[in-house]
Amino acid sequence: MRKFNIRKVLDGLTAGSSSASQQQLQQQQQHPSGTREPEIQETLQSEHFQLCKTVRHGFPYQPSALAFDPVQKILAVGTQTGALRLFGRPGVECYCQHDSGAAVIQLQFLINEGALVSALADDTLHLWNLRQKRPAILHSLKFCRERVTFCHLPFQSKWLYVGTERGNIHIVNVESFTLSGYVIMWNKAIELSSKSHPGPVVHISDNPMDEGKLLIGFESGTVVLWDLKSKKADYRYTYDEAIHSVAWHHEGKQFICSHSDGTLTIWSVRSPTKPVQTITPHGKQLKDGKKPEPCKPILKVEFKTTRSGEPFIILSGGLSYDTVGRRPCLTVMHGKSTAVLEMDYSIVDFLTLCETPYPNDFQEPYAVVVLLEKDLVLIDLAQNGYPIFENPYPLSIHESPVTCCEYFADCPVDLIPALYSVGARQKRQGYSKKEWPINGGNWGLGAQSYPEIIITGHADGSVKFWDASAITLQVLYKLKTSKVFEKSRNKDDRPNTDIVDEDPYAIQIVSWCPDSRMLCIAGVSAHVIIYRFSKQEALTEVIPMLEVRLLYEINDVESPESEQPPPLPTPGSGSNPQPIPPPSHPSTSSSSSDGLRDNVPCLKVKSSPLQQSPGYQTELVIQLVWVGGEPPQQITSLAVNSSYGLVVFGNCNGIAMVDYLQKAVLLNLGTIELYGSNDPYRREPRSPRKSRQPSGAGLCDITEGTVVPEDRCKSPTSGSSSPHNSEDEQKMNNFIEKVKTKSRKFSKMVASDIAKMSRKLSLPTDLKPDLDVKDNSFSRSRSSSVTSIDKESREAISALHFCETFTRKADSSPSPCLWVGTTLGTVLVIALNLPPGGEQRLLQPVIVSPSGTILRLKGAILRMAFLDTTGCLVPPAQEPWREYNVPEDKDEKEKLKKRRPVSVSPSSSQEISENQYAVICSEKQAKVISLPTQNCVYKQNITEASFVLRGDIVALSNSICLACFCANGHIMTFSLPSLRPLLDVYYLPLTNMRIARTFCFTNNGQALYLVSPTEIQRLTYSQETCENLQEMLGELFTPVETPEAPNRGFFKGLFGGGAQSLDREELFGESSSGKASRSLAQHIPGPGGIEGVKGAASGVVGELARARLALDERGQKLSDLEERTAAMLSSADSFSKHAHEMMLKYKDKKWYQF
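In this report, the structure presented in the accompanying data block is examined. Keep in mind it's a predicted model, so treat the numbers as computed, not measured.

Relative to the helices and strands, A382 is located in the loop between strand 28 (376-380) and strand 29 (402-409). Between the C-alpha atoms of A382 and Y366, which are 16 residues apart in sequence, the distance is 5.7 Å.

Laid out in structure tokens, this is it:
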């Protein structure tokens, strides 16, 4: 990662040296000494910040290669983007990246050596050192003239065989990463009489019983057994069909090939003329002894033996062509039984896990690891029915595509156990009873002890809660939000009210209060669901439901003459508001039989009782409805407050507030109506018809369910005196008619695009493909149906924040209110008048009214927060969680009656009515505003050329700061309240909307984003976490003794016939084979050389353990040598004795008597 300009701004610099200090001087000039804001001591400095990646979770995106170390018990997965993921025991994971980004075509472990060789599609080989916590490349070798197709590294060998597209085989010394002069040329390997090229090398392996014999498979169907010593082919095996893979029987007398016509051929090493047996596992056996019908290619086959039974033949592919629509399969043939195991995704690769690393011993397979396109499956071969192991890695992030993400660090300690206990009941049954066999490595030392939770929203409407504490990830609980809706059986049954054709339940926004455990989600079909957490089961007879009609009236011209505005939904009639007369113009969206669709929600809530299991249970469903043939607009912001019992949401039409305790709509206003008469854009005259401008008193009337009187709704321009003449009016009407038609089309199109977040996770935005960030077009098009007719016409609600603060300048004490931010940079404040707690809260209405307070910033508002006089964060008021499904006793009821919504803000701001500070962050700038005076005390222009995608006010090192991520790739932090720049690092450019949609900061210097459709990347901006990271990471390599080699037995030792060893050093070394051509490959030293030395020599204990292990290995080798020497002596004695006997027998005979 390239670092870009870390600005360290120190206090006390001269006014000319820092823009922040200039601003402070200006502010001091603006405020005389009598009204100057009190100085707040800030503890955060630049030294507290440092940016680095921590861990990557999830399934490796677009996997392409697989390898396993059977001694270290570590699994490696390579991807098409050059990534490398290593998995040990649950909790031990590692991510590395090849700089070139080329696809990984093959991986080979140096078994029990703590090293790995990767072969890439750009014809480079890399040697990775795994003996350090962050693996690094020690050597690289770039082939210049040939393309690498296959690699093979024999167990306990340092010579790597590399096959190429031209059919040649080169040999690489993995210690020095240099080429040997020994080359096997394709024209020497094949028959001289053969006129055609045999094709690329698709397989290389040495005979398990004779290291001097190399089996080479060419794509065309030719297999050659090459004698390394004599440098010639011993046998050549030819078959008509192309070869995909080859596997040995452990005795080295037979091998099996898989072919492109779905056949397997078993060959005897000494019978090259024809195969011993030909099998078509999935072919239909035809009568009259005809050849079976051809099948799909068998892409890979493995041949594994057992001591006490038949061998296993395991293969992928090979299904017959008539099985259309059948899922990919792995076939396990064991004796006479054939099991076909269906997979959810296509198979990339598979490996059989065996008890021994030695190829010349009975393999004793116990599991098969199958790498699928989007999953990793481990099959237990030892149990009947071949059950799968329960996967302990967090690889199911993408089970349904992720559409939104939230991150919470430093949660209440009882939260993770509570979520885990309800989530444990959701686990599937039928897994293998054995423990997960990939269990290498050691855990790191968890220095972070605070609980962390990640919430992911998905395209199928599910919400997952993850335990993310101490850089690990584990799923806790899954909530299916679609359960409250009726599901259409087929496309014909589906109501044509859907905004989107697919994924109508996709989650767009999650609002969660960790203390009260209240959860609120907004979905793509303009629906909001509120959930309560309960440990008890509950049966909901009727799902509580509200329908809200959010109108946008400025450009929606039905007719110039005056008409009654539609009434707002009231607590009594919230579910079915009165319809308005349909407009006279035709609708572009699909219409029902009676004309335009109106007052219809997009989804149908279930009418039958809903059984709710422990966990999150539905409290209320709110849906926006169609209005005059127009679909409801996507929800752009959402907030819930457990203490007030309110939920609020907004879109590009306006804002709605709901009392979820009384199940009543409190507020339903167009964005422009929030301004009252203070609209800076003067948007009301734009329409030739009236637009309503209710005052605060009118809102109280709305709350209590009365219709706004017509005379109060009239704007200054309505009535008889029209500013336009009739001809202009007609033209205007025609123009607006066209605009509405286009707008409707655009609206439907954009909504459809948003629904496809499952594929292309895009924001509800009009972002240009080339990401031109030189203007503010991105921020202005944040809502889902922004047309470019008029930038002010559609002002979306972009930020909402409940708090207890000063609503107006004249206020002497804080009171509950809602701060609303819009895409045009306006902050409006709505006052909340809450009834007393207890039963009164359920009987008396909550009164809401705009306060008239308006603040302005440049760019769309992203985030708001409040500080007290000491500079501490004032959290929103919240109710502690309690079990609401359990009937309470009288004492509890009394307590509830007396309970008032309480703020948990620091006591200093409650006892004395001292001032507060509002921190507001927009896409362009941040401001700190003193309350109640509403003076801007600090201001920082964050970016000019770009825009902020995410801004969060977070806690770090017992203080707080503002953290921002910009579209130009910069991550910045600012002190609070003075907004001094503390960190500015170029991290990553905004390459896709997935990053923009999912990037989030949280407390203690943590952040994350979705780096690919299947993976979460976590990072830290805290210096302390960066320093502790090395300790927290797990170790992949642990000193393990290599298992003993198989015993050859006395007779094999005496008469030969055991495994034949080969002195490869003598054969491939420079002294005998010479140097390789320099132009063939280029050696590149890796950056991990010095780090590798450090990693290998980390810790005296580790060093001693390695030394002891080396001594043990040496001792073992010496004892083996001693045994072999004794066997040779015995053999020599025996030979001498036989020779002496023969001599005595024949010494007196003449030559002609023999």
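Continuing now.
Proteins that are soluble and globular tend to have nonpolar side chains buried together. Of all hydrophobic cores here, the largest spans 34 residues; its most connected members are L419, I453, F465, W512, L519 and Y616. Setting aside residues no more than four positions away along its own chain, W512 makes contact with F408, L415, I453, I455, F465, R517, M518, L519 and Y616. Residues L44, A996, F999 and L1019 belong to the second largest nonpolar core, which totals 27 residues.

A separate point is the packing of aromatic side chains. With the rule as written, the count across this model stands at 26 aromatic pairs. Aromatic pair F533 and W881: ring centres 5.8 Å apart, planes at 65°, arrangement edge-to-face. Taken together, the positions of F533 in strand 35 (residues 527-534) and W881 in the loop between strand 48 (861-867) and helix 11 (890-898) put the pair 348 residues apart, joining distant regions of the chain. Classification of F533 as buried rests on a relative accessible area of 2%. With a relative accessible area of 24%, W881 lands in the partly exposed category. On the basis of an interplanar angle of 80° and a centroid distance of 6.0 Å, the ring pair of Y987 and Y1009 is categorised as edge-to-face. Taken together, the positions of Y987 in the loop between strand 55 (981-986) and helix 13 (993-998) and Y1009 in strand 57 (residues 1006-1012) put the pair 22 residues apart, joining distant regions of the chain. Y1009 matches Y987 in its accessibility class, with the two residues each being buried. Across from the ring centre of W443, 5.2 Å away, lies the NZ or CZ of R89, which sits over that ring.

Turning to the sheet that holds strand 28, a few remarks are in order. Read from one edge of the open sheet, three strands run 26-27-28, paired in antiparallel fashion. Taken across any chain shown, the strands that pair with only one partner, and hence form the sheet edges, are strand 26 (347-354) and strand 28. Strand-to-strand twist across the sheet, computed as the mean angle between neighbouring axes with direction ignored, equals 20°. The sheet contact formed by strand 26 and strand 27 (residues 365-372) spans seven bridges and is antiparallel. From the neighbouring strand, L353 faces strand 27, where its bridge partner is A367.

With that settled, consider the state of the cysteines. Per the counting criterion, the structure on display carries zero disulfides. Not part of a disulfide, C803 finds its nearest cysteine sulfur in C817, a span of 3.8 Å. The exposure class of C803 is buried, given its relative accessible area of 4%.

The next thing to look at is helix 14 (residues 1023-1032). Here helix 14 has its buried residues at T1025, C1026, L1029 and M1032. The arc that holds the buried residues of helix 14, viewed along the axis, is 115°, so those residues lie on one side. Of the exposed residues in helix 14, those oriented more than 90 degrees away from the buried face are E1024 and E1027. If you follow the buried residues of helix 14, they end up packed against strand 1 (49-58), strand 57 and strand 58 (1015-1022).

On to the environment of A963, then. Looking at where A963 falls in the secondary structure, it is placed in strand 53 (residues 959-966). Residue classification places A963 among the buried positions, given a relative accessible area of 0%. Through-space distance from the C-alpha of A963 to that of S975 is 9.1 Å; in sequence the pair is twelve residues apart. Other than its neighbours up to four places away in sequence, A963 contacts R950, G951, D952, V954, M972, T973, F1001 and Y1021.

Take the sheet that holds strand 48 next. Strand order in the open sheet formed by four strands is 48-49-50-51, and the pairing between neighbours is antiparallel. Whereas interior strands pair on both sides, the edge strands pair on one side only; in this sheet they are strand 48 and strand 51 (935-941). Within this sheet the neighbouring strands show an average axis-to-axis angle of 15°, counted without direction. Two elements, strand 50 (residues 925-931) and strand 51, share six bridges in a ladder whose sense is antiparallel. Paired with K927 across the two strands is K939, which belongs to strand 51.

P932 follows L931 through a cis peptide bond whose omega is 10°. Relative to the helices and strands, P932 resides in the loop between strand 50 and strand 51. In this structure, P977 follows L976 across a cis peptide bond, with omega equal to 5°. Turning to its location among the elements, P977 is positioned in the loop between strand 54 (970-975) and strand 55. Look at Q156: it is not a glycine, yet its phi comes out positive at around 60°.

Parameters and conventions
- The residue numbers shown here count from 1 along each chain, following its written sequence.
- Under the rules for a predicted model, residues below a pLDDT of 70 receive no local features and side-chain atom pairs below 80 are neither given nor counted, while totals for whole chains, interfaces and linings still include all residues.
- Hydrogens and water are ignored here; the side-chain numbers use all heavy atoms of the structure.
- We count a stretch as a helix when DSSP gives it H or I for four or more residues in a row; a strand needs E for two or more, and each element gets its number in order from the N terminus.
- In these notes, a set of buried Ala, Val, Leu, Ile, Met, Phe, Trp, Tyr and Cys residues joined through side-chain atoms within 4.5 Å is what counts as a nonpolar core.
- We call a residue buried when its accessible area falls under 20% of the maximum for its residue type, exposed when it is over 50%, and partly exposed in between, using a 1.4 Å probe and counting protein chains only.
- Should any heavy atoms of two residues lie within 4.5 Å, those residues are counted as being in contact.
- Pairing of aromatic side chains here covers Phe, Tyr and the six-membered ring of Trp, requires ring centres within 6.5 Å, and sorts the geometry by plane angle: under 30 degrees stacked, over 60 edge-to-face, intermediate tilted.
- By definition here, charges over rings are those cases where NZ of Lys or CZ of Arg is within 6 Å of the ring centre and within 35 degrees of the ring normal.
- Two strands pair under a simple rule: DSSP has to find at least two bridges between them.
- Axis angles are defined between N-to-C directions and span 0 to 180 degrees, where every axis is a line fitted to C-alpha atoms and, for a helix, only to the segment in contact.
- What counts as a disulfide here is a pair of cysteine sulfur atoms lying within 2.5 Å.
- Throughout, the arc means the angular range of directions from the helix axis out to the C-beta atoms.

In short, geometric facts, not functional conclusions.
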